[in-house]
Amino acid sequence: MAHRLGIVGASGYGGAELLRLLAGHPAVEVAIVAAHSQAGTPVSDLFPNLAGARVFDAVDLDALGECDAVVLATPHGPALDLGAALFDAGVPVVDLSAAFRLSVEGFATWYGEDHPRPDLAAGDPAADRRAVYGLPELGFRDAVRAATLVANPGCYPTATLLGLAPLVGLLQPGSIVVDAKSGASGAGRAAKDSLHFAHVHGDLTAYGAPAHRHTGEIERWLPADVGPITFTPHLVPMSRGLLATAYGTVVDGVDAAAIADALDIAYAHEPFVHVLPPGTFPHTKALAGSNGCQLSAVFDPRTRRVTVTSAIDNLGKGAAGQALQNLNLLLGLDETTGLTAIGLYP
Ligand SMILES: NC(=O)c1ccc[n+]([C@@H]2O[C@H](COP(=O)([O-])OP(=O)(O)OC[C@H]3O[C@@H](n4cnc5c(N)ncnc54)[C@H](OP(=O)(O)O)[C@@H]3O)[C@@H](O)[C@H]2O)c1
């Protein structure tokens, strides 16, 4: 029998992408497609690729409590309330927002709020029943399988962490700089002045530096303390796709072979992460619509710096694809179920 799933935030880009992916899933039935201001609107009015007569539901906590699992694809404010309530009711949850990704201290620093449920903060060693950070490739796979609440990583942290995590032991603390670019869907469906076609088209700009909120998430989840990092995101005129370029200075004795070995060992058996040969650089377009991440590293002996580039679809491995990967693990299914499609190209 199929697992009954509730989605909250189904009228947003992340939620709708999850609906698209689940249309081909053999073991999950989408029982609830809840929205906020769009409750009552036909799904196909907002997303013409999701044809049919289905209408967005209102958020009903009791109905969600009857589901086998719930995915939250809302801003972090509502996710804090809904995630905690569903956790307390024993309902498995994957949350796409930042509500549970950081420690209590980290949440206060980067989101400027006291965490209302310190016992659930994923990044907090003091939290007694904490959420699991849902990046299976970083060693959290078994923890996700056993979790009730999974904090799905942010899009920039996913690409950056996948590129840098295997290399942290090879890098000098304090030397990491990350330059990242995302398509406009990374900002969500809500209309914003800066996201009008006439503003984004033909333009390229940085934003959020030097204290974009994802900086804290990347620092928290790199598997060793490599000191503060510098992170600058950019908005690029494309609908979807994200490329993170990370630079770090290597410690003595590290060469190109050591870097290549570290990446190959980390990802040799990973279904979604593909390491390209040095000198071959990943394309965001090749990942569109998929849950894949392609990455590669080059070492410059002149500067003793490594440059790692990693590409994902921000709505795929950066959001809904990764949420489905985590959901599969939570439900005891094969991790790749419904996620085997490769990207669209060209
Ligand atoms: N977009 C990305 O690439 C991406 C990547 C990684 C993580 N995320 C995270 O995923 C979450 C969703 O992002 P998105 O881009 O899909 O956002 P979005 O397109 O702006 O959609 C937000 C969704 O949340 C719903 N919502 C807003 N306020 C709500 C409330 N008080 N109660 C219940 N639902 C509410 C909205 O419903 P209505 O439209 O009906 O009002 C909509 O369905 C965010 O936390 C975001 O940070 C996004």
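Model, not experiment: these values are computed from the prediction.

Turning next to the sheet that holds strand β9 (residues 230–235). The sheet built from seven strands is open, its strands ordered β8-β9-β7-β10-β13-β12-β11 with mixed pairing. The sheet terminates laterally at β8 (205–206) and β11 (273–275), the two strands that pair on one side only. Note: strand β10 (residues 242–249) against strand β13 (residues 305–312), eight bridges, orientation antiparallel. Looking across to β13, one finds that Ala246 is bridged to Val308. Across the sheet, helix α7 (residues 155–164) touches β7 (177–182), β9, β10, β11, β12 (293–300) and β13, and the angle it forms with β10 is around 45 degrees.

With that settled, the discussion passes to the nonpolar core. Counting residues in hydrophobic clusters, the biggest one holds 98 residues, and the most contacted among them are Ile7, Val70, Val71, Val150 and Ala159. Here this core takes seven residues from helix α11 (residues 316–330), the largest share from any one element. Two domains share this core, each providing at least three of its residues, namely domain 1 (3–153 + 317–330) and domain 2 (156–314). Residue contacts for Ala159: discarding those within four places in its chain leaves Ala180, Leu242, Ala244, Cys293, Ser310, Ala311, Ile312 and Gly318.

As a further point, take the sheet that holds strand β4 (residues 93–95). The six strands lie next to each other as β2-β1-β3-β4-β6-β5, forming an open sheet whose pairing is parallel. Of all strands in the sheet, those bounded by a partner on one side alone are β2 (28–34) and β5 (132–133). Sheet topology places β4 next to strand β6 (residues 149–151); three bridges connect them, and they run parallel. Within the sheet, the bridge partner assigned to Asp95 lies in β6 and is Ala151. Strands in contact with helix α4 (residues 76–88) are β1 (3–8), β3 (69–72), β4 and β6; relative to β4, the strand with the most contacts, it is inclined by about 165 degrees.

Near the ligand you find 30 residues, and of these Gly12, Gly14, Gln38, Ser97 and Gly188 are the closest. Top contributing element to the shell around the ligand by residue count: helix α1 (residues 13–22), with three residues. In terms of residue class, the shell around the ligand is made up of twelve nonpolar, 17 polar and one charged. Residue contributions to the shell around the ligand reach at least three from each of two domains, namely domain 1 (3–153 + 317–330) and domain 2 (156–314).

With that out of the way, let us pick up the pairing of β9. The two faces of the sheet receive side chains in turn, since in a regular strand these alternate between them. Where burial is concerned, the two faces of β9 differ: the one with Phe231, Pro233 and Leu235 is buried and the one with Thr230, Thr232 and His234 is not. As paired elements, β7 and β9 share six bridges and run parallel to each other. When the bridges of β9 are listed, Lys181 appears paired with His234. Across two bridges, the pairing between β8 and β9 is antiparallel. From the neighbouring strand, Thr205 faces β9, where its bridge partner is Leu235.

Looking now at unusual backbone geometry. Backbone torsion omega between Ala209 and Pro210 reads 5 degrees, so that peptide bond is classified as cis. Within the secondary structure, Pro210 sits in the loop between β8 and α9 (214–221). A cis geometry characterises the amide bond from Tyr345 onward to Pro346, with omega recorded as 0 degrees. One can find Pro346 in the segment after α11. Even without being a glycine, Arg304 presents a positive backbone phi close to 60 degrees. Examined against the element boundaries, Arg304 turns out to sit in the loop between β12 and β13.

A few words now on the domain arrangement of the chain. What the domain assignment lists for the chain is domain 1 (3–153 + 317–330) and domain 2 (156–314). Distance between the C-alpha centres of domain 1 and domain 2: 24 Å. The partner domain 2 presents 26 residues to the 22 residues of domain 1 that form the contact. Going through the elements one at a time, α5 (104–111) and α11 are the ones with two or more residues in the side of domain 1 that touches domain 2. Sorting elements by how many residues they give to the side of domain 1 that touches domain 2 places α11 first, with six residues. Considered class by class, the residues forming the side of domain 1 that touches domain 2 number ten nonpolar, nine polar and three charged.

Side chains of β3 alternate between two faces, with Ala69 and Val71 and Val70 and Leu72 buried alike. Pairing between β1 and β3: four bridges, direction parallel. Among the inter-strand pairings, Ile7 is bridged to a residue of β3, identified as Val71. For the handedness criterion, the β-α-β arrangement of β3, α4 and β4 is classed as right-handed.

Calculation rules
Residues numbered from 1 in each chain as written. Predicted model: local features only at pLDDT ≥ 70, side-chain atom pairs only at ≥ 80, totals over all residues. Pairing = 2+ DSSP bridges. Helix = DSSP H or I, 4+ residues; strand = E, 2+ residues; numbered from the N terminus. Contact = placed C-beta atoms within 7 Å. Axes fitted to C-alpha atoms, helices over the stretch in contact; angles between N-to-C directions. Core = buried A, V, L, I, M, F, W, Y, C linked by C-beta atoms within 7 Å. Buried ≥ 20, exposed ≤ 12 C-beta atoms within 10 Å, placed from the backbone. Domains from an automatic or database assignment. Near = placed C-beta within 6 Å. Nonpolar A, V, L, I, M, F, W, Y, C, P; charged D, E, K, R; others polar. Right-handed = clockwise from strand over helix to strand, strands pointing away.

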